[in-house]
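Results of the structural survey
Single-letter residue listing:
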There are 2 protein chains.
Amino acid sequence: MVEKSDTRARLLNIAEASVLEKGFEATSIEEIVAGAEISRSGFFYHFKDKNALARAMLERYIDTENELYDDLFARARELNEDPLHSMLIGLKLLAEMLSEMPTGHPGCVIAATAYQDRLFDEGVRDLNRQAILGWRTRFRGMFEEIAAVYEPCEPVNMDALGDMVSSVVEGGLVLQRALREHNNASEQIMLLRSYLKLLFSPRPS
Amino acid sequence: MVEKSDTRARLLNIAEASVLEKGFEATSIEEIVAGAEISRSGFFYHFKDKNALARAMLERYIDTENELYDDLFARARELNEDPLHSMLIGLKLLAEMLSEMPTGHPGCVIAATAYQDRLFDEGVRDLNRQAILGWRTRFRGMFEEIAAVYEPCEPVNMDALGDMVSSVVEGGLVLQRALREHNNASEQIMLLRSYLKLLFSPRPS
DNA sequence: CCGCAACTGGACTCGCAGTACAGTGAAATC
DNA sequence: GATTTCACTGTACTGCGAGTCCAGTTGCGG
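Worth saying up front: this structure is predicted, and the values here are computed from it rather than measured.

Describing the interface of chain B and chain A
Between chain B and chain A, the residue contacts involve 45 residues of the former and 44 residues of the latter. Mapped onto the side of chain B that touches chain A, the elements with two or more residues apiece are α6 (108-114), α7 (122-149), α8 (158-179) and α9 (184-199) of chain B. Grouping the amino acids of the side of chain B that touches chain A by side-chain chemistry returns 23 nonpolar, 11 polar and 11 charged.

Here we look at the protein's contact with DNA strand C
Neighbouring residues of DNA strand C: 16 residues in total, closest Thr 7, Ser 39, Ser 41 and Gly 42 of chain A together with Ile 29 of chain B. Contributing elements (two or more residues each) for the surface near DNA strand C: α3 (40-46) of chain A together with α2 (29-36) and α3 (40-46) of chain B. By residue number, the principal contributor to the surface near DNA strand C is α3 of chain A, which donates 3 residues. Grouping the constituent residues of the surface near DNA strand C by class yields 4 nonpolar, 7 polar and 5 charged.

Things to note about the protein's contact with DNA strand D
Around DNA strand D, a shell composed of 17 residues is seen, among which Ile 29 of chain A together with Thr 7, Ser 39, Ser 41 and Gly 42 of chain B lie nearest. Taken together, the elements giving at least two residues each to the surface near DNA strand D come down to α2 (29-36) and α3 of chain A together with α3 of chain B. Ranked by residue count, the leading element in the surface near DNA strand D is α3 of chain B, at 4 residues. Residue composition of the surface near DNA strand D, by class: 4 nonpolar, 7 polar and 6 charged.

Some words on helix α1 (residues 6-22) of chain A
The terminal C-alpha atoms of α1 of chain A lie 24 Å apart, and with 17 residues this matches the ideal 24 Å at 1.5 Å per residue to within 8%. Two residues or fewer after α1 of chain A comes Gly 23 of chain A, characterised by a positive phi angle close to 100°.

Points about the relation of the copies chain B and chain A
By a simple turn and slide, chain B fits onto chain A: the slide is 0.0 Å along the axis, the RMSD is 0.0 Å, and the turn is 180°. Such a combination of turn and shift is consistent with a two-fold rotation axis. Closest approach to the rotation axis among the C-alpha atoms of chain B is made by Gly 171 of chain B, whose C-alpha sits 1.9 Å away. Both copies share a contact surface, since 98% of the interface residues of chain B are interface residues in chain A too.

Remarks on helix α8 (residues 158-179) of chain A
Residue and element names in this part refer to chain A. Relative to the 32 Å expected for 22 residues at 1.5 Å per residue, α8 spans 31 Å between its end C-alpha atoms, a close match to the ideal helical length. For α8, the principal kink sits at Met 164 and spans about 35°. Burial of α8 is extensive: 19 of the 22 residues sit out of reach of the surface. One or two positions beyond α8, positive phi appears at Arg 180, with a value near 60°.

Remarks on the nonpolar core
If you look at the biggest cluster of nonpolar residues, it comprises 114 residues, and the most contacted ones within it are Ala 111 and Ile 189 of chain A together with Ala 111 and Ile 189 of chain B. Not counting residues within four places of it along the chain, the set of residues in contact with Ala 111 of chain B comprises Ala 111, Tyr 115 and Val 174 of chain A together with Glu 170, Leu 173 and Val 174 of chain B.

With respect to unusual backbone geometry
Residue and element names in this part refer to chain B. The phi angle at Glu 37 is positive, at roughly 55°, despite the residue not being glycine. Along the chain, the position of Glu 37 falls in the loop between α2 and α3. Located in the positive-phi region is Arg 180, a residue other than glycine, with phi close to 60°. Mapped onto the elements of the fold, Arg 180 is located in the loop between α8 and α9.

A word on the environment of Leu 175 of chain B
The residue Leu 175 of chain B is located in helix α8 in this model. Note on Leu 175 of chain B: 29 C-beta atoms within 10 Å, which makes it buried. Along the chain, Leu 175 of chain B and Lys 48 of chain B lie 127 residues apart, while their C-alpha atoms are 34 Å from each other. Excluding its chain neighbours within four sequence positions, the residues that come into contact with Leu 175 of chain B are Ile 132, Asp 163, Ser 166 and Ser 167 of chain A together with Asn 184 of chain B.

Reading guide: rules and limits
Residues numbered from 1 in each chain as written. Chains lettered and ligands numbered in written order. Predicted model: local features only at pLDDT ≥ 70, side-chain atom pairs only at ≥ 80, totals over all residues. Contact = placed C-beta atoms within 7 Å. Helix = DSSP H or I, 4+ residues; strand = E, 2+ residues; numbered from the N terminus. Nonpolar A, V, L, I, M, F, W, Y, C, P; charged D, E, K, R; others polar. Near = placed C-beta within 6 Å. Expected span 1.5 Å × (residues − 1). Least-squares fit on C-alpha atoms with pLDDT ≥ 70 in both. Bend = angle between axes of the 7 residues up to and from the residue. Buried ≥ 20, exposed ≤ 12 C-beta atoms within 10 Å, placed from the backbone. Core = buried A, V, L, I, M, F, W, Y, C linked by C-beta atoms within 7 Å.

What follows is the structure, given as structure tokens:
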């Protein structure tokens, strides 16, 4: 069994697009099955309820997001060995990627579930939590590596700094959604980049 | 008519608390009226539908948020005349305020509506938009005043920098909700503060 | 040929939003 | 003192979407 029915994947694609556009609650099962051209019963064959759908969506989303970060910062590291400079390159790449996405980044999935969490069970909420903690660890590691070479010129909480990447992306995406603009997230990333540049460069003593 | 029935305000209070805790869709009219001890019909006497409730909540929330910013940065300005230092004081006060709120800040209202926007009509979405644009203008003005005295040591887009305050607050609140921690927003504000400190201080040329 | 995976179809329950509308008690207005 | 208006209550009804139950179908692999 190489692929476990492409119907399931199709349902996830349609659901994800709709959830990102309108929110989870506004996305009806009716409409998902209409898009996938299967019956309502077919949907419930694949997902026991909307919670199961949400969980599957989140899992898939987190996986692709992690792969994206892996690729992006690996590529950045190839371009420059230095931890600080490769981080700056990575953030630039991330910002470019965000502004090139016409419909906006799917990053919203995290925020979207965070703000409707009572609709979901503990499992979904925990997935969300683990994903953000994962990013905290990922970026804190990278920042520690930088700090080992370049003494930060201000004392900073490394966990908070690690979180700052997620925070800036999520915050930017909130603005983007609310303002109906399209490059706020990318601009905010560039400001974060500017901060890191200043933070990790030698200052007069 | 000095007060226009306190029932309306009670409904808004109960609704706001519930929306912040569980999200808008998960908050039923049934439950609001139970809390306020009135009948369902009573609710519809005050609000024609859930959209009207959302709009009233947002309006009230934006007003109090603006007053809060007015007070806070006015107080900061009293403590220090200098635009940069009063900004730094203001952000510190904001961070302290955020971490002192046991239940978490209501700032989420903006993000909550942004992520469920198809549930709302154009009026609600526009209110949201105007509020964020208002904050952009407010903070951009303050940053321009600072920049007139302290040359920023990196070129920055002033609109984006103005947005950064909202972005950092919203992003921090998303993390806070998702992680079930309670001072992420305040930590993120402190990192923004650290950025501004570095950005607007003279560097070696 | 059997069995299982991947469905379809139909009927039903439940909760929630929203509508309609008649009625009521108290206070303000004439 | 009668009348109007405000701020509701109560009942009854529509409609939608989630979720359940279950019987039946189609195709494929052993």
